[in-house]
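Single-letter residue listing:
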Amino acid sequence: MRWPTRIFGILLILVGVVWFLQGINVLPGSFMTGQPEWTVAGALAFLAGLWIMRRSRRASSPSGRG
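Rules behind the numbers
Residues numbered from 1 in each chain as written. Predicted model: local features only at pLDDT ≥ 70, side-chain atom pairs only at ≥ 80, totals over all residues. Heavy atoms only, no water. Helix = DSSP H or I, 4+ residues; strand = E, 2+ residues; numbered from the N terminus. Buried < 20%, exposed > 50% of the residue type's maximum accessible area, 1.4 Å probe, protein only. Contact = heavy atoms within 4.5 Å. Areas by Shrake-Rupley, 256 points an atom, 1.4 Å probe, with all protein chains shown as cover. Expected span 1.5 Å × (residues − 1).

K.L.:
Can you help me understand the overall build of the protein in this one?
P.N.:
If you tally the helices and strands in the protein, you get two helices and zero strands. Residues classed as buried in the protein amount to 24% of the 66 residues present. A separation of at least 24 residues holds for 48% of the contacts in the protein among residues at least 6 apart in sequence. Of the roughly 4,800 Å² of accessible surface on the protein, a fraction of 70% belongs to carbon and sulfur atoms.

This is the structure we're talking about:
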């Protein structure tokens, strides 16, 4: 189950970046553009994706650590 978890983490990071950039008005053309709640949602999604990736990497190491 390591690869599906990593793919989910990567997708969450990418979605988080897009939402964040739309929230801070860098990527125009959406109802999310310039909306501060999408900036926060994007940052949280990005951080959650990083956390998932880190946990996935830890779980896959032979010693179970690091």
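K.L.:
What should I look at first to understand helix H1 (residues 2-23) in this one?
P.N.:
Given a rise of 1.5 Å per residue, 22 residues ought to cover 32 Å, and the 31 Å separating the end C-alpha atoms of H1 matches this to within 8%. Turning to H1, its buried residues are Arg-6, Gly-9, Ile-13, Gly-16, Gln-22 and Gly-23. Once H1 finishes, Asn-25 follows within two positions and takes phi at roughly 70 degrees, a positive value.

K.L.:
Please explain the side chain of Ser-56 as it appears in this structure.
P.N.:
With respect to the helices and strands, the residue Ser-56 is situated in helix H2 (residues 36-60). Its relative accessible area of 6% is what places Ser-56 among the buried residues. Excluding anything up to four places from it in sequence, Ser-56 contacts Arg-2, Thr-5 and Arg-6.

K.L.:
Would you take a moment to explain the environment of Gly-42 for this structure?
P.N.:
On the secondary structure map, Gly-42 appears in helix H2. Taking relative accessible area as the criterion, Gly-42 reaches 0% and is therefore assigned buried. Leave out the neighbours within four places in its chain, and Gly-42 touches Gly-16, Trp-19 and Phe-20.

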